[in-house]
Amino acid sequence: FGTASLAATTIIVRCMHIGFMPPAALAAVLVAVVGKAIGEGNQELASREVRRAMQASLLYMGTVAGIFLLFRHHILG
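Everything numeric in this text was worked out from a predicted model, so none of it was measured.

Calculation notes
- Residue numbers run consecutively from 1 along every chain, following the written order of its sequence.
- Totals for whole chains, interfaces and linings use all residues, but because this is a predicted model, local features are given only for residues with pLDDT of at least 70 and pairs of side-chain atoms are given and counted only at 80 or more.
- With hydrogens and water set aside, each side-chain value is computed from the structure's full complement of heavy atoms.
- Numbering goes from the N terminus for both helices and strands, where a helix is a DSSP run of H or I of at least four residues and a strand is a run of E of at least two.
- In this treatment the radius of gyration is a C-alpha quantity, and the globule benchmark scales as 2.2 Å times the residue count to the 0.38 power.
- Only protein chains enter the accessibility calculation, which uses a 1.4 Å probe; a residue whose area is less than 20% of its type maximum is buried, one above 50% is exposed, and one in between is partly exposed.
- Here the open area of atoms and residues is found with the Shrake-Rupley method and a 1.4 Å probe, where only the protein chains shown may cover a residue.
- We define the nonpolar core as a collection of buried residues of types Ala, Val, Leu, Ile, Met, Phe, Trp, Tyr and Cys that are connected through side-chain atoms lying within 4.5 Å of one another.
- Contacts are residue-level and defined by heavy atoms, with any inter-residue pair within 4.5 Å sufficient.

Colleague: Got a sec to walk through the overall build of the protein? Specific residues and values, please.
Modeller: Scanning the protein for helices and strands turns up three helices and zero strands. Here the C-alpha radius of gyration of the protein, 18 Å, is well above what a compact globule of 77 residues would show, namely 11 Å. For the protein, the spread of C-alpha atoms along the three principal axes comes to 55 × 25 × 10 Å. A buried classification covers 14% of the 77 residues belonging to the protein. For the protein, the computed accessible surface area is about 5900 Å², with 72% contributed by carbon and sulfur atoms.

Written out as structure tokens, the structure reads:
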């Protein structure tokens, strides 16, 4: 397709990775934490950790979305 198309694809893929890879890593950690809490019989801790992880993920992804929206021309430049 050409150099410009390849560059645009690379930029978009990297931006997608920045947007969703940290929450995906957090989800992997959350599996271990929730599994341990459930194994200990502590349902309240498991629920609290899931809630905290959701809040952190939403905060991160919202911030990244705002940055992408506000600085889209600088990022793509």
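Past the structure itself, the notes keep going.
Colleague: Give me the lowdown on the nonpolar core, citing residues and values where you can.
Modeller: Formed by Leu30, Val34, Ala37, Ala46 and Ala53, the largest nonpolar core amounts to five residues. Among the secondary structure elements, those contributing two or more residues to this core are α1 (3-39) and α2 (43-70). Beyond its immediate sequence surroundings of up to four residues, Ala53 is in contact with Leu26 and Leu30.

Taken by themselves, the reported measurements are silent on function.
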